Amino acid sequence: MADITWEAPFCGEGNSCFRLGTDTEGNAYIAVNGQEDHYLTDSAEALRTLIADIKAGKADHLL
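Bear in mind that the values here come from a model prediction, so they are computed numbers and not experimental data. (Residues numbered from 1 in each chain as written. Predicted model: local features only at pLDDT ≥ 70, side-chain atom pairs only at ≥ 80, totals over all residues. Heavy atoms only, no water.)

Undergrad: Can you tell me about the state of the cysteines, naming the residues and giving the values?
TA: Applying the stated criterion across every chain, the model contains 1 disulfide. Two residues, cysteine 11 and cysteine 17, share a disulfide whose sulfurs are 2.1 Å apart. Because the sign of the S-S torsion sets the handedness, a value of about 115° for the bond joining cysteine 11 and cysteine 17 places this disulfide among the right-handed ones. Classification of cysteine 17 as buried rests on a relative accessible area of 13%. (Disulfide = S-S within 2.5 Å. Buried < 20%, exposed > 50% of the residue type's maximum accessible area, 1.4 Å probe, protein only.)

Undergrad: Can you break down the packing of aromatic side chains residue by residue, with the values?
TA: One pass over the structure, following the stated rule, counts 2 aromatic pairs. Summarising the aromatic geometry, the rings of tryptophan 6 and tyrosine 29 are spaced 6.3 Å apart at their centres and angled 65° between planes, so their arrangement reads as edge-to-face. Here tryptophan 6, found in strand β1 (residues 5–6), pairs with tyrosine 29, found in strand β4 (residues 27–32); they are 23 residues apart in sequence, far enough to count as distant. With a relative accessible area of 18%, tryptophan 6 lands in the buried category. In this structure tyrosine 29 comes out as buried when scored by relative accessible area, which is 4%. Clustering of aromatic rings is evident, with ring pairs tying together Trp6, Tyr29 and Tyr39. (Phe/Tyr/Trp six-rings, centres within 6.5 Å; stacked < 30°, edge-to-face > 60°. Helix = DSSP H or I, 4+ residues; strand = E, 2+ residues; numbered from the N terminus.)

Undergrad: With reference to specific residues and values, describe the pattern of salt bridges.
TA: In the structure shown here, the tally under the stated rule is 3 salt bridges. With a shortest N-O distance of 3.1 Å, arginine 48 and glutamate 45 are connected by a salt bridge. Here the residue arginine 48 and the residue glutamate 45 both occupy positions in helix α1 (residues 44–55), the gap between them amounting to 3 residues, near one helical turn. Close ionic contact of lysine 58 with aspartate 53 constitutes a salt bridge, the shortest N to O distance being 3.5 Å. Exposure remark for aspartate 53: the relative accessible area of 27% places this residue in the partly exposed category. (Salt bridge = Lys/Arg side-chain N within 4 Å of Asp/Glu carboxyl O.)

Below, the structure written as structure tokens:
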């Protein structure tokens, strides 16, 4: 398993908590809080793009 540095959980209402992490190789990780061994990974640039697109409203149709 990669040496991942996890940020504090980002939580919505209830128990909807996600964690973001990075490693020394420039990879980014997303996991459900408490289940960090089951993560989604991609490049840090891909994570930046995902966050920017969400902030721009491109995922609002999912809400």
